[in-house]
Amino acid sequence: MAEHEHVRVAVIGSGFGGLGAAVRLRREGITDFVVLERADSVGGTWRDNSYPGCACDVPSHLYSFSFAPNPDWPRTFSGQEHIRAYLERVADVFGLRPHLRFDSEVKLMTWDAEQLRWEIETASGRLTADLVVSATGPLSDPKIPDIPGLDTFPGKVFHSARWDHDYDLKGKRVAMVGTGASAIQIVPAIQPRVGRLTLFQRTPPWVMPRMDRAISGAERWLHRQLPFTTQARRGLLWGIRELQVQAFTKHPGELGFVEQLAKRNMARAIKDPALRAKLTPDYRIGCKRILLSSEYYPALARPNVDVVASGLTEVRGSTLVAADGSETEADAIIFGTGFHVTDMPIAERVVGADGRTLAEVWKGGMEALRGACAAGFPNWMTIIGPNTGLGNSSMILMIESQLNYLADFIRQLDVLGGRVALDARPSAVGAWNRRVQERMERTVWNTGGCTSWYLDGNGRNTTIWPGTTAEFRRATRRVDLMEYEVLREPAAKAGGATPQSGKRSAEAEAAL
């Protein structure tokens, strides 16, 4: 990367969001862009998470781009290696390789109000950009709890998203900390190999069977020969999940029937009443993400597995102490304790128009206009931003909606002409966020009686979208200039007459 290289658009991250943005830019005729990636390959979370059993809990034909259908998915719920290979193919097919900058972790992004552009410092050099698309994703930076004495543990310690494949678990005493979506895949995958497995469970999840199967050769042949059958399959999967949304967002009481199904699923595999009691949640199903696994409960019933219904609170050498006072000896600790979702580290590296970081602005809680733009950060857009997450469907649907918004954002800049920037008005951001939070009040995520990673430190749900994906698609179809302040470069630089740096010109006022 040449020093002080300037591009029209800088995309941060090369997971689904980053590669999707890159494809959309090319489809809009924009080739003056780079994709800055901190690692040495594409894939995002599907590159970083390579733990045993890693797979998606959304059907493959829905968990893929609509503009890049894959007729050859091998399973209904494909594994990590297949999803990562799919993203590599997307990079190849759409000619994204020349735009990729690997080993280029972003250290700092600073808005230059005089030049109306972003100054970006990366691990491989510096550059400037007219527009930044942050696609780092909420599941990119692992979170390990601060446990007293952890540094004294003599064995192996790693997070599920940083799996140590060189460490042999065979015959070892392994502690699995956490019972989220990663843990329920890891437990059955490693249980047959380890000597003893102890699961530290603060809160039991609701688990439903995962109806996974191999997709037959005949099905794949049909999808290749008749592409509309792939589209129909995707449409059916989408429609079913859209119909489910009202139970999560408006009528949580209707989920009681689903709870009964989940309890029956547990009872089939867990015969011990005491273990069943440990594994039965005390909150409404759906409050936390409903997990899918047909192997998790059978693995927990095996004789070499212990479930500690309490969190890990202290480490004394090789002895692990739970909140209930019980002690366990371990050779290895695996943390499946999630990610920095509501306190994304990238926010500390983005400095806006008033000199404050995004982390400082979001100290009271994340909020962004239509999940994309934060006030005070002109020409900056995030993919999978605040309140764009889903509890029951595919995030690719939300990403593609945000790509529509990105495309129109760029068109609006072109229409305004000259060196120009759009900064979300605080009033517009506030109004959008109030509407979202009002809708959130009666959802299962807020009323279900659980504490989840959807909530920030203030107990506010800044993660989930409280509606259907179709509603979000409509909300992000077009950029409304009334929700933005139009910024123009200083008159001395533009050759114009009056506007000061960062202020609206008469032309911009007319555009509004």
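Residues numbered from 1 in each chain as written. Predicted model: local features only at pLDDT ≥ 70, side-chain atom pairs only at ≥ 80, totals over all residues. Heavy atoms only, no water.

## Some remarks on the overall build of the protein
Phase 1 of the analysis: Tallying secondary structure elements over the protein gives 16 helices and 20 strands in all.
Phase 2 of the analysis: Its C-alpha atoms give the protein a radius of gyration of 24 Å, near enough to 24 Å, the size a compact globule of 512 residues would have.
Phase 3 of the analysis: Counting only residues that meet the buried cut, the protein has 56% of its 512 residues in that class.
Phase 4 of the analysis: Restricting the contact set of the protein to residue pairs at least 6 apart, pairs at least 24 apart contribute 72%.
Phase 5 of the analysis: Side-chain charges in the protein split into 62 positive and 58 negative, and the spacing between the mean points of these groups amounts to 7 Å. (Helix = DSSP H or I, 4+ residues; strand = E, 2+ residues; numbered from the N terminus. Rg over C-alpha atoms; globule rule 2.2 N^0.38 Å. Buried < 20%, exposed > 50% of the residue type's maximum accessible area, 1.4 Å probe, protein only. Contact = heavy atoms within 4.5 Å. Lys, Arg positive; Asp, Glu negative; His and termini not counted. Charge placed at Lys NZ, Arg CZ, Asp CG, Glu CD.)

## Concerning the sheet that holds strand S15 (residues 327-329)
Phase 1 of the analysis: What the 3 strands build is an open sheet, ordered S13-S14-S15; its pairing is antiparallel. For this open sheet the edge positions go to strand S13 (312-316) and S15, each flanked by a neighbour on one side alone. The average undirected angle you get between the axes of adjacent strands in this sheet is 25 degrees.
Phase 2 of the analysis: In this sheet, S15 lies alongside strand S14 (residues 319-322) in antiparallel orientation, the contact comprising 3 bridges. The partner of leucine 320 across the bridge, within S15, is threonine 328. (Pairing = 2+ DSSP bridges. Axes fitted to C-alpha atoms, helices over the stretch in contact; angles between N-to-C directions.)

## Structural notes on unusual backbone geometry
Phase 1 of the analysis: Phi is positive for arginine 370, close to 55 degrees, though the residue is something other than glycine.
Phase 2 of the analysis: Secondary-structure assignment places arginine 370 in the loop between helix H10 (358-361) and strand S18 (380-382).
Phase 3 of the analysis: With a phi close to 55 degrees, asparagine 387 is a non-glycine residue in the positive phi region.
Phase 4 of the analysis: Its location among the elements puts asparagine 387 in the loop between S18 and helix H11 (395-416).
Phase 5 of the analysis: A relative accessible area of 4% places asparagine 387 in the buried class.

## Concerning the confidence of the model for the protein
Phase 1 of the analysis: With 95% of its residues at a pLDDT of 70 or more, the protein has an overall mean of 94.
Phase 2 of the analysis: Ignoring residues within four places in sequence, the model shows residues 496-512, a span with pLDDT below 50, making 36 contacts including any to other chains. (pLDDT = per-residue confidence, 0-100.)

## What about the pattern of salt bridges?
Phase 1 of the analysis: Within this structure, the stated rule accounts for 29 salt bridges.
Phase 2 of the analysis: Among the ionic pairs, arginine 289 bridges to aspartate 57, the shortest N-O distance being 3.0 Å. With a gap of 232 residues between them, arginine 289 in the loop between helix H8 (273-279) and strand S11 (291-292) and aspartate 57 in the loop between helix H2 (45-48) and helix H3 (80-93) connect regions that are remote in the sequence.
Phase 3 of the analysis: Classification of arginine 289 as partly exposed rests on a relative accessible area of 22%.
Phase 4 of the analysis: What emerges from the salt-bridge pattern is a single network uniting Arg24, Glu28, Asp408 and Arg411. (Salt bridge = Lys/Arg side-chain N within 4 Å of Asp/Glu carboxyl O.)

## Section: the environment of glutamine 185
Phase 1 of the analysis: By secondary structure assignment, the location of glutamine 185 is in helix H4 (residues 183-190).
Phase 2 of the analysis: There is a polar contact of 2.7 Å between the side chain of glutamine 185 and the side chain of tyrosine 51. (Polar contact = N/O pair within 3.5 Å; in protein donor to acceptor, adjacent residues only side chain to side chain.)

## Some words on a nonpolar patch on the surface
Phase 1 of the analysis: Taken together, the side chains of Trp221, Leu222, Leu226 and Phe228 make up a nonpolar region of the molecular surface, amounting to roughly 410 Å² of accessible area.
Phase 2 of the analysis: Inspection of the secondary structure puts phenylalanine 228 in helix H6 (residues 227-249). (Patch = residues over 30% accessible without salt bridge, like charges linked within 9 Å, V, L, I, M, F, W, Y side chains within 5 Å. Areas by Shrake-Rupley, 256 points an atom, 1.4 Å probe, with all protein chains shown as cover.)

## Focus: the state of the cysteines
Phase 1 of the analysis: In this structure the tally under the stated criterion is 1 disulfide.
Phase 2 of the analysis: At a sulfur-sulfur separation of 2.0 Å, the disulfide partner of cysteine 287 is cysteine 450. Looking along the S-S bond of the cysteine 287-cysteine 450 disulfide, the torsion reads about -90 degrees, which is the left-handed sense. Here cysteine 450 lies in the loop between helix H13 (444-447) and helix H14 (469-475) and cysteine 287 lies in the loop between H8 and S11, a separation of 163 residues in the sequence. A single burial state applies to cysteine 287 and to cysteine 450, both of which are buried.
Phase 3 of the analysis: Cysteine 54 takes part in no disulfide bond, and the closest cysteine sulfur to it belongs to cysteine 56, at a distance of 8.8 Å.
Phase 4 of the analysis: On the basis of relative accessibility, which here comes to 5%, the residue cysteine 56 falls in the buried class. (Disulfide = S-S within 2.5 Å.)

## Focus on the pairing of strand S20 (residues 484-488)
Phase 1 of the analysis: Within S20, 4 of the 5 residues are buried, which leaves it mostly tucked inside the rest of the structure.
Phase 2 of the analysis: Strand direction decides the pairing type here: strand S19 (residues 420-424) and S20, joined by 5 bridges, are antiparallel. In the strand pairing of S20, alanine 421 is matched with leucine 487.

## As for the packing of aromatic side chains
Phase 1 of the analysis: Considering all chains together, one arrives at 16 aromatic pairs under this definition.
Phase 2 of the analysis: Chaining the aromatic ring pairs together yields one cluster made of Phe16, Trp46, Tyr63, Phe65, Phe67, Trp73, Tyr86 and Phe94.
Phase 3 of the analysis: Seen from the ring of tyrosine 167, lysine 172 lies directly overhead, with NZ or CZ sitting 5.3 Å from the centre.
Phase 4 of the analysis: The aromatic ring of tryptophan 465 is capped on one face by arginine 439, whose charged end is 5.7 Å from the ring centroid. (Phe/Tyr/Trp six-rings, centres within 6.5 Å; stacked < 30°, edge-to-face > 60°. Lys NZ or Arg CZ within 6 Å of the ring centre and 35° of its normal.)

## Some words on the nonpolar core
Phase 1 of the analysis: Membership of the largest hydrophobic core comes to 112 residues, with the highest contact counts inside it found for Phe16, Ile190, Leu300, Phe409 and Tyr484.
Phase 2 of the analysis: A per-element tally of this core places H11 first, with 12 residues.
Phase 3 of the analysis: Beyond its immediate chain neighbours, meaning those up to four positions away, isoleucine 190 contacts Pro52, Trp163, Leu169, Val174, Leu197 and Ile334.
Phase 4 of the analysis: Ranked by size, the runner-up nonpolar core spans 27 residues in total, among them Ile12, Ile120, Ala129 and Met366. (Core = buried A, V, L, I, M, F, W, Y, C linked by side-chain atoms within 4.5 Å.)

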